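# A closer look at the structure
One letter stands for each residue in the lines below.
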Amino acid sequence: MANSATQPSRTKDLEKLFHRPGPLVAATFEASSEMINDLKEYVKVLVVGAGGLGCELLKDLALSGFSNLDVIDMDRIEVTNLNRQFLFRVEDVGKPKAEVAAKRVMERISGVNITPHFCRIEDKPMEFYSDFSIIVLGLDSIEARSFINSVACGFLEYDSDDNPVPETVKPLVDGGTEGFKGHARVILPGITPCFECTIWLFPPQVKFPLCTLAETPRTAAHCIEYAHLIKWDEVHSGKSFDPDDPDHMQWVYTEAVKRAELFGIPGVTYSLTQGVVKNIIPAIASTNAIISAACALETMKIITGCSKTLSNYLTYNGVEGLHTKVTDFVRDKECPVCGPGVLIELDTSVTLRKFIDSLKDHPNLLLTRVSVRHRGTNLYMQAPPILEEQTRPFLDQPLFELMGKTRKDIVSVTGMAGKADNKQSCSRKLRIVFKGADGVADMDTAGGA
Amino acid sequence: MAEPKTKYDRQLRIWGEQGQAALEKASICLLNCGPTGSETLKNLVLGGVGSITVVDGCKVEVSDLGNNYFVDESCVGQSKAKCVCTFLQELNDAVKAKFIEESPEALIETNPSFFSEFTLVVATQLVEDTMVKLDRICRDANVMLVFARSYGLTGLVRNSVKEHTVIESKPDHFLDDLRLNNPWPQLRSFAETIDLDTSDPVVHKHTPYVIILVKLAEEWAKSHSGSLPSSRDEKKQFKVEDVELIKARMVAMDEDNYKEAMEASFKLFAPRGISSEVQKIINDSCAEVDSGSSDFWVIVAALKEFIANEGEGEAPLEGSIPDMTSSTELYVNLQKIYQAKAEADFLAVERRVRDILKRIGRDPYSITKANIKSVCKNARKLRVCRYRSIEDEFSTPVQAELQKCLTDEEYSYATGFYILLRAVDRFAANYNSFPGQFDSGMDEDISRLKSIAVSLLGDVGCNGSSLIDDLISEMCRYGAAELHAVAALIGGIASQEVIKLITRQFVPMRGTFILNGIDHKSQLLLL
Ligand SMILES: [Zn+2]
C-alpha cells in the first residue's frame, strides 16, 4: 500500500475502493495502489454543460479521483441560475458558465485541472471528442443529447462479425432533471441502448394549434402564445422576438393580459408569460445534486471498474414519497446511430457528388450539407472554407477510387438531418458496398439504396 | 444583491411564494459536517433557508480535502464546523449561518434542550445508539428530524416526525374532479341548454367533452331504468355502447371534442364518494378535535361533517377543469359553474370550521379563509405521514416486511445493506473501529461482522434469513469510507426530504431509504 500508513492521504476514502479487491467489482478490475495516479496520467473526462448538473458534476468528478476535466458550455450566467448552480455568484452574471465553473473548482480543489470551452458543442471537431475516455452529459435539450450521442457512436467500430470493437466504445453517462424528478443513464455504444435507440423516452413537446390561439383561446397560456406567436409578428413586421429582451417580454405580457380580459380568461401573470414563452423547466438544487452524483458515481465505476454499474437507466421521483427504478432497456438492433451502419450499395462509377446528393433522399438519413470522411481522410468538407476549397476537386471523382478501391468499407458523414423545419446536426456511419467492383461504367445510375 | 424573486424563480415555480416563505422562516441544525452533511446543507442554503447551525467537534484533516468540497488546504487543523460554515455562507448571503465547535454526541448527552430551538435537525453519520437518543429528544421537543448516512457504496436517509400533515401534496397524475356521473343541478341545467344535435357545424365541434359526456350518460341512464351502469358487465357494455354513441354523434372526422370525449369516457366511472385514503384521514382519532388540536385537524373535522351532510358523501369540489376543445364562451361558462360550486362547498366548510372552533373554545376566526380554502381545494389529496420512532424500528422492525425484502432477489442487496449498516455500528461498539477501517486484519473483520449480522438478524426475529457473503466482504472493503459522490447523492435526497417537510408540500418518503450504489436497485423499507 503506497503511503497510507504513514502519511495522511487526501484520497483515503477512495483508496478503500481502489486499492482493495472485492467480490462485486467489474470483471476487468484490478485493485491497485496506482489507481489514482493512473487516473491522473491516462484519463480525461469531458463534462458537457456547466449548468445545474454540470456544476455538480465538476465538483463530484474532481472529488472522485479525476484530475483532468474539460467542460463545454455556450451559455452565460443568469440570475435565475443562482438557486442551484452553486459555483456562480451574483457578480458572475453575464460571464461564460464554463469559464467561471472551471475556475471555481480549481480554486477549491488543488491538483485538479479543468479546461473550459465557451462554445457550441457543434463547433468542436470529432478529434476533440475522441480525446476523452468518457463523456458525461448535464444537458437540458434533446437536440444536444442527440448530437453528442451521434458523436460518441461515430467512434464505434464493428469487427467482421458485426461485434463492437471494445477499444472503440466511448461511454456516455447522461443525466436530466425536472422539478423533483430525474434520470441517470449509462450508454455504452454498441452494448447498451444509445440515446437514439430509446428516443421515444423523450416525446416532443405538444404545441397549441394555431387556430385555438387565434379563434378559441381558453387558458392563460393560449393568450400568452397568441401574443408571442401571432400578435408580435402582426405588429413588429420583420423584427424577431427576443425572449431575453425584457421589453419584448413585457410587451407580450401586456398583450396577453388584454386578450385575456377580452375573453374573460383568468390567470395571466408575468411569471407565467416567461414560463410559457421560454418553455421554462422548473429546477431545484437537490434533484440536480442527486442525479449528478449518480452520474459521477457511475463514471467512476465505469472507468476504474471498482464496482459493478447501473444497467442501464435509473429514474428518480421524489414527488410522492420517493421512488427509484432501474430499467434494463435493450438496444435497437436496427438503430441508425449505434448500429453497424446504414448499408448503402453503390456502383463503382458513382462520384462523390452523386453519392452526397443521394443521402438527401435516403429515407433513413435525409441528410443535407454533408461532409464525408473515410479512415481519417477528409473526402469532402463543407467548412471551413479553406478545407472546402481543398476537397472540392474530389467531388467529381468516383467514390470507389477515393476509398482506395476497397469493395466494402465504412465512411462517416456529418450533416443536417431531419425535415425542413426541424433540422439538426448529426453524424452517421455508412457501410458502403460497391456492386460489380470490376467497374462497369453506367453514368445514369445514381447511387443510394 | 439580486432581486430574490428572480434568483429563486425556478423553484418558486415548484413550491410558490408560500413554500419559499416557509423555507425562509426555517432554522436548520446540522450534526456533523463531513461531505454528507455539507452537501445536504449546500442544497438548502442555495434554496434560501432562514438559518443554519453547523455542529461538529472535529478539526479539518488532510483526508477531508479529498471528499468534502466545503474545506480547502487553508482549513487543515482548524475547526471543521467553522470552515464549512464559512464556505456555505458564500453561496447565499441571505442565509444566517452559525457554527458550534462541539461533538454532536456530547451535545446530545449534556444539552438536549439545545435542539428545541430548531425547525428541523439533519443528523449525519451518527451511529445507532446516538440516533435513538437524538430521536427521543426531537420527538419530545416536536422538532423534525432527518437522518442521513453514507458508507462506502451504500447509505440511508430516514425521516422521523411524530406526525406530518400535507395539504398541497401536488401529485403528478390525479383524476380531474369533474363529477360527470353525478352532476349537480347547475351543471345539469347548463348541459340542458346545449343541443348536441345542433345543425351548426362550428358549434358542434366546439362543444366541450364534459357536456357531451354528461348528456350521453344521462341518455344511457334514461334507457336503462334511470341509473348508470354498476355491475362489471354493465360497465363493459356501457363502454362499448358509449364509444359508439359518441362516434355516432360525430358529424366530421376533425371533431377534436368528440375524440377527447372518447378518450375521457373512462372518467364517467370515477368512483363516487371519497377514497379510502381520505376515509382513513376523516376517521382518524385526531379528527375528534379539542382545544389542543392543530388547525389541520380542525378543518378535517369540518370536512368530515361536510361530507356527511351538504356533501352527500362527496368531498368539496376542487373547482378547476382541464383544458379541452371548446369555444371560449362555453369553456369560460363551464369554468364558472365549477368555480361557483367549489365556492359554495367552501362556504359550507368554513361555517362548520367556525362552529367547531367556537365549540372547542377557540377564537372562531383563528383559522384563515385561505387555509380553509386550500384544504377544500385539496380535500382529495390530503396526506398524513406518521413515522415510527427509531427505537421502535430498531427493536421491533416489521418482521414480515424485513423477511420479504431479504428474500426478494431484486432488492436483497439493499435490504442486506440495511442490516449491515446496523451491524457495523455494533461492530464499532465492540471493537472501537469499523470493519475494514484499517488495512490489516480484513479476514478477521469479515468473520466478526458476519457473526454480528447473524445475531442481529436473530434479535429482530429473522433467524431463518441469512445475508449474502459477498455483501459482508463488500461492507468490510468499504471500511467506513465516505465517498464524495455517495455523500452528494445521500445529501441530495436528505435535502429534498427537508424541503418537503418544511414547505409542507409534496409527500415526504415513508420508511428508510437504503442506497444500493452498486447497481442502484435501492429500496424504501417500511419497518
Ligand atoms: Zn442506438
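Residues numbered from 1 in each chain as written. Chains lettered and ligands numbered in written order. Predicted model: local features only at pLDDT ≥ 70, side-chain atom pairs only at ≥ 80, totals over all residues. Heavy atoms only, no water.

Chain B appears in an unreviewed UniProt entry as NEDD8-activating enzyme E1 regulatory subunit from Oldenlandia corymbosa var. corymbosa. Here chain B is described in UniProt, under the heading Sequence similarities (unreviewed entry), as follows: "Belongs to the ubiquitin-activating E1 family. ULA1 subfamily." We quote the UniProt Function (unreviewed entry) comment for chain B here in full: "Regulatory subunit of the dimeric E1 enzyme. E1 activates RUB1/NEDD8 by first adenylating its C-terminal glycine residue with ATP, thereafter linking this residue to the side chain of the catalytic cysteine, yielding a RUB1-ECR1 thioester and free AMP. E1 finally transfers RUB1 to the catalytic cysteine of RCE1." (UniProt positions renumbered as here; feature names shortened; annotations may be inferred.)

Going by what an unreviewed UniProt entry lists, chain A is known as NEDD8-activating enzyme E1 catalytic subunit and is assigned to Oldenlandia corymbosa var. corymbosa. Under Pathway (unreviewed entry), UniProt gives the following word-for-word description of chain A: "Protein modification; protein neddylation."

## Re the domain arrangement of chain B
Examined at the domain level, chain B breaks down into domain 1 (4-169 + 483-525), domain 2 (185-269), domain 3 (276-385) and domain 4 (390-478). The C-alpha-based centres of domain 1 of chain B and domain 2 of chain B are spaced at 53 Å. (Domains from an automatic or database assignment.)

## Let's talk about the interface of chain A and chain B
Much of the literature gives interface size as the accessible area that the parts lose upon coming together. In this complex, chain A contributes 84 residues to the contact, which on the side of chain B involves 87 residues. Of the roughly 6900 Å² buried between chain A and chain B on both sides combined, carbon and sulfur atoms contribute 60%. Residue B:Asp439 is joined to A:Arg20 by a salt bridge in which the shortest nitrogen-to-oxygen separation is 2.9 Å. One can count 37 residue pairs in polar contact (both at pLDDT 80 or more) joining chain A with chain B. Among the secondary structure elements, those contributing two or more residues to the side of chain A that touches chain B are helix H1 (12-19), helix H3 (52-62), helix H4 (97-108), helix H10 (270-277), helix H11 (285-304), strand E7 (313-317) and strand E8 (323-327) of chain A. A total of 12 residues in the side of chain A that touches chain B trace back to one element, the largest contributor, which is H11(A). Residues that form the side of chain A that touches chain B fall into these classes: 42 nonpolar, 23 polar and 19 charged. (Contact = heavy atoms within 4.5 Å. Buried area = accessible area lost by both parts, 1.4 Å probe. Salt bridge = Lys/Arg side-chain N within 4 Å of Asp/Glu carboxyl O. Polar contact = N/O pair within 3.5 Å; in protein donor to acceptor, adjacent residues only side chain to side chain. Helix = DSSP H or I, 4+ residues; strand = E, 2+ residues; numbered from the N terminus. Nonpolar A, V, L, I, M, F, W, Y, C, P; charged D, E, K, R; others polar.)

## Notes on the UniProt feature "active site" (unreviewed entry) in chain A
Residue and element names in this part refer to chain A. As annotated by UniProt and renumbered to match this structure, "active site" (unreviewed entry) occupies Cys211. Residue placement: Cys211 occurs in helix H7 (residues 210-214). On the basis of relative accessibility, which here comes to 47%, the residue Cys211 falls in the partly exposed class. (Buried < 20%, exposed > 50% of the residue type's maximum accessible area, 1.4 Å probe, protein only.)

## Some remarks on the sheet that holds strand E2 (residues 51-55) of chain B
All names here are of chain B. Read across the open sheet, the 8 strands follow the order E3-E2-E1-E4-E5-E6-E9-E10; overall the sheet is mixed. Looking at the sheet topology across the chains shown, the edges are occupied by strand E3 (96-100) and strand E10 (523-525). Shown here is a sheet whose adjacent strand axes are inclined to one another by a mean of 15°, direction ignored. Pairing of E2 with E3 involves 5 bridges; the strand directions are parallel. Of the residues in E3, the one forming a bridge with Ser51 is Lys96. (Pairing = 2+ DSSP bridges. Axes fitted to C-alpha atoms, helices over the stretch in contact; angles between N-to-C directions.)

## What about the nonpolar core?
Residues and elements named next belong to chain B. Formed by 170 residues in total, the largest nonpolar core has its most connected members in Ile28, Leu31, Phe115, Val121 and Leu134. Top contributing element to this core by residue count: helix H21 (residues 484-503), with 11 residues. Split by domain, the residues of this core number at least three in each of domain 1 (4-169 + 483-525) and domain 4 (390-478). Once you skip the residues sitting within four places of it in the chain, Leu134 turns out to touch Leu31, Ile108, Phe115, Val121, Ala123, Leu126, Leu145 and Phe147. With 33 residues, the next largest nonpolar core counts Leu178, Val214, Ala217 and Tyr258 among its residues. (Core = buried A, V, L, I, M, F, W, Y, C linked by side-chain atoms within 4.5 Å.)

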